Amino acid sequence: MSRFRLVAPAGAPLPLRTSLRSALPSSGDERGLVELLRGRLGTQNPFLVSSGRAALAVFLQALQHGSNRREVVIPAYTCFSVPSAVARAGLVIRLCDVDPKTLDLDLNALVRLDLSKAICIVPSGLYGLPGDLAAMEQIAGSRGAFLVDDAAQCFGATKDGRPCGTFGDAGFYSLGRGKGITTIGGGILVTHRADLARRIQGTVGTLPRPSARAVAAAVGGSLVYSGTLAPSRYWILGRVPFLGLGLSQFELDFPITQLSAYQRRLAQRLLPLLDSYNRIRREHADRLRAGIEGVEGIEVPRPLEKADPVYLRFPILARDDRQRSGLLRRFRATGIVASPSYPTSIGDIPGIGRYLAPDQEPCPGARSIATRILTLPTHPGVTLRDIEVMVGIIRGDHERRSEALR
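A few points on the structure. Since we're looking at a predicted model, the values are computed, not measured. (Residues numbered from 1 in each chain as written. Predicted model: local features only at pLDDT ≥ 70, side-chain atom pairs only at ≥ 80, totals over all residues. Heavy atoms only, no water.)

Secondary structure summary: the protein contains 14 helices and 14 strands in total. Partitioning the contacts of the protein with sequence separation of at least 6, the portion at a separation of at least 24 is 76%. Summed over its atoms, the accessible surface of the protein is roughly 16,900 Å², and 51% of this surface lies on carbon and sulfur atoms. (Helix = DSSP H or I, 4+ residues; strand = E, 2+ residues; numbered from the N terminus. Contact = heavy atoms within 4.5 Å. Areas by Shrake-Rupley, 256 points an atom, 1.4 Å probe, with all protein chains shown as cover.)

Moving on, we come to the nonpolar core. Within the largest apolar cluster, 81 residues are counted, with the highest numbers of intra-cluster contacts made by Tyr-77 and Phe-331. Ranked by the residues each element gives to this core, the list is headed by helix H3 (residues 52-63), at nine residues. In this structure, Val-34, Val-73, Leu-105 and Met-136 belong to the second largest nonpolar core, which totals 40 residues. (Core = buried A, V, L, I, M, F, W, Y, C linked by side-chain atoms within 4.5 Å. Buried < 20%, exposed > 50% of the residue type's maximum accessible area, 1.4 Å probe, protein only.)

Turning our eyes to something else, we now look at the sheet that holds strand E10 (residues 170-174). Spatially, seven strands are ordered E1-E11-E10-E7-E6-E2-E3 in an open sheet, and the strand pairing comes out mixed. Edge strands, defined here as strands with exactly one partner in the open sheet, are strand E1 (46-49) and strand E3 (92-96). Within this sheet the neighbouring strands show an average axis-to-axis angle of 25°, counted without direction. Summarising the sheet, strand E2 (residues 71-75) and strand E6 (residues 118-121) pair through three bridges and their orientation is parallel. Each bridged residue has a counterpart across the sheet, and for Val-73 the counterpart in E6 is Ile-121. (Pairing = 2+ DSSP bridges. Axes fitted to C-alpha atoms, helices over the stretch in contact; angles between N-to-C directions.)

Our focus in this paragraph is the pairing of E10. Among the five residues in E10, five count as buried, and that is most of the element. In this structure, E10 lies alongside strand E11 (residues 187-190), joined through four bridges in antiparallel fashion. Looking across to E11, one finds that Ser-174 is bridged to Gly-187.

Positionally, Thr-43 belongs in the loop between helix H2 (32-41) and E1. Polar contacts involving the side chain of Thr-43 include one to the main-chain carbonyl oxygen of Thr-191, which spans 2.9 Å. If near-sequence neighbours (up to four positions away) are discounted, Thr-43 is found in contact with Arg-38, Val-190, Thr-191 and His-192. (Polar contact = N/O pair within 3.5 Å; in protein donor to acceptor, adjacent residues only side chain to side chain.)

Another point: the sheet that holds strand E9 (residues 162-163). Taken together, the three strands give an open sheet; going across it, the order is E9-E8-E12, and neighbouring strands pair in antiparallel fashion. Two strands lie at the open edges of the sheet, namely E9 and strand E12 (307-308), each paired on one side alone. Summarising the sheet, strand E8 (residues 158-159) and E9 pair through two bridges and their orientation is antiparallel. Paired with Lys-159 across the two strands is Arg-162, which belongs to E9.

Further remarks concern helix H6 (residues 133-142). Within the sequence span of H6, burial applies to Leu-133, Ala-135, Met-136, Ile-139 and Ala-140. An end-on view of H6 places all buried positions within 150° of arc, on one side of the element. In H6, the exposed positions that point more than 90 degrees away from the buried face belong to Gln-138, Gly-141 and Ser-142. Turning to H6, the residues buried within the fold contact strand E5 (104-105), helix H5 (107-112), E6, strand E7 (146-150) and E8. (Arc of directions from axis to C-beta.)

Where charged atoms from two side chains of opposite charge approach closely, those side chains can pair. Considering all chains together, one arrives at 16 salt bridges under this definition. Arg-289 is the salt-bridge partner of Asp-286, the closest N and O atoms lying 3.1 Å from each other. Highlighted residues: Asp-286 and Arg-289, both in helix H11 (residues 274-292), separated by three residues, approximately one helical turn. Put simply, Arg-324 and Asp-321 hold a salt bridge, and the shortest N to O gap is 3.1 Å. Here Asp-321 and Arg-324 lie together in helix H12 (residues 321-333), a separation of three residues that amounts to about one turn. What emerges from the salt-bridge pattern is a single network uniting Asp-169, Arg-193 and Asp-195. (Salt bridge = Lys/Arg side-chain N within 4 Å of Asp/Glu carboxyl O.)

We now examine the packing of H3 against helix H7 (residues 194-204). For the pair H3 and H7, interaxial distance at closest approach is 9 Å and the crossing angle is 115°. Between H3 and H7 lies a crossing whose hand is right-handed. Touching Val-58, Phe-59, Gln-61, Ala-62 and Leu-63 of H3 are Leu-196, Arg-199, Ile-200, Thr-203 and Val-204, all from H7. (Left-handed = near helix turned anticlockwise from the far one by under 90°.)

Structure, rendered in structure tokens:
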């Protein structure tokens with residue numbers, strides 16, 4: 001087997017465990033996070049709620065005032081939280097196919113859709129890779145629909161020099177497990193439009209405070225999570241049920257509450273570290289890409305021009321499900337739990353049919369991604385040795401296949 005060698009990174013990785021533990025707050029100004037977000041995003045209207053899907057559901061509820069449109073266009077392959085929020089808001093899901101090269105809405109498929117009933121379009125930015133958000137703004141505006149910039153996985157990413165989450169009419173971020181910064185749950189909803197901000201405030205202002213149990217889970221979860229971020233320790237996280245790491249479920253019965261004071265203060269401590277964490281993720285992604293470049297049967301989705309991704313995970317596409325399954329087994333054997341990501345396309349989720357608009361267009365790109373995608377860890381807990389192991393497994397799989405054909 002050929003051996004891929006790594007050089008030392010430009011800067012020493014930040015100790016995420018230390019950062020999280022030092023951020024445990026005992027006091028502080030809860031409004032500080034809002035001010036930080038205003039400065040960072042250039043918006044005067046950030047709203048803090050219990051999760052990213054809660055943020056999307058709140059916004060969709062606010063949009064419905066005075067509109068008879070009922071459809072929400074979402075990628076046919078994305079996190080299950082997105083259709084959950086649409087259904088929770090009482091709206092109808094219209095699926096758009098996904099381009100395997102970008103892992104976001106296929107613009108050719110989007111312009112073919114009948115958008116006369118669409119109240120909004122929600123692109124995804126999976127794994128921290130921004131889509132062509134400016135083009136989507138134009139498409140949505142020309143069809144009388146809103147654009148909601150789903151930056152749940154793109155906090156800190158930019159496209160055309162603009163922060164992801166600030167395109168369109170509104171955007172949202174997630175502070176959930178495995179995100180750029182995490183408070184073990186939490187969501188940020190932003191809009192630059194004063195009229196929409198007033199509608200959102202009318203809903204957010206009436207939301208209940210989180211339960212004592214939810215706050216206790218956030219406190220305990222942040223401590224457990226911070227100590228188990230090395231790839232070889234992921235199995236521990238999988239056995240801590242209240243963390244729910246890696247779970248993606250289609251469910252309507254999720255809490256929509258205000259963000260707890262604890263989580264606000266924790267996010268306030270962590271937000272200044274976001275850029276440093278994202279820099280490390282990009283360095284890890286660059287090394288993974290360089291190591292597997294040219295491996296037959298492996299495709300690596302490329303960032304769009306003028307996009308600066310954050311690589312929450314590093315996605316690759318195997319030739320087929322058989323090859324992906326073999327790679328997953330070999331990763332697990334070395335203690336690195338790579339992820340097959342979301343298990344199906346949105347249209348294939350059991351029981352979702354009643355929430356889908358009729359006469360859906362076929363979505364072959366999304367179904368292909370669902371059977372081929374594999375994502376690798378990139379967070380600051382990943383070491384150079386971990387990257388070397390991941391690259392070696394992928395290159396070794398190719399070499400074994402080549403030898404078998406000789």
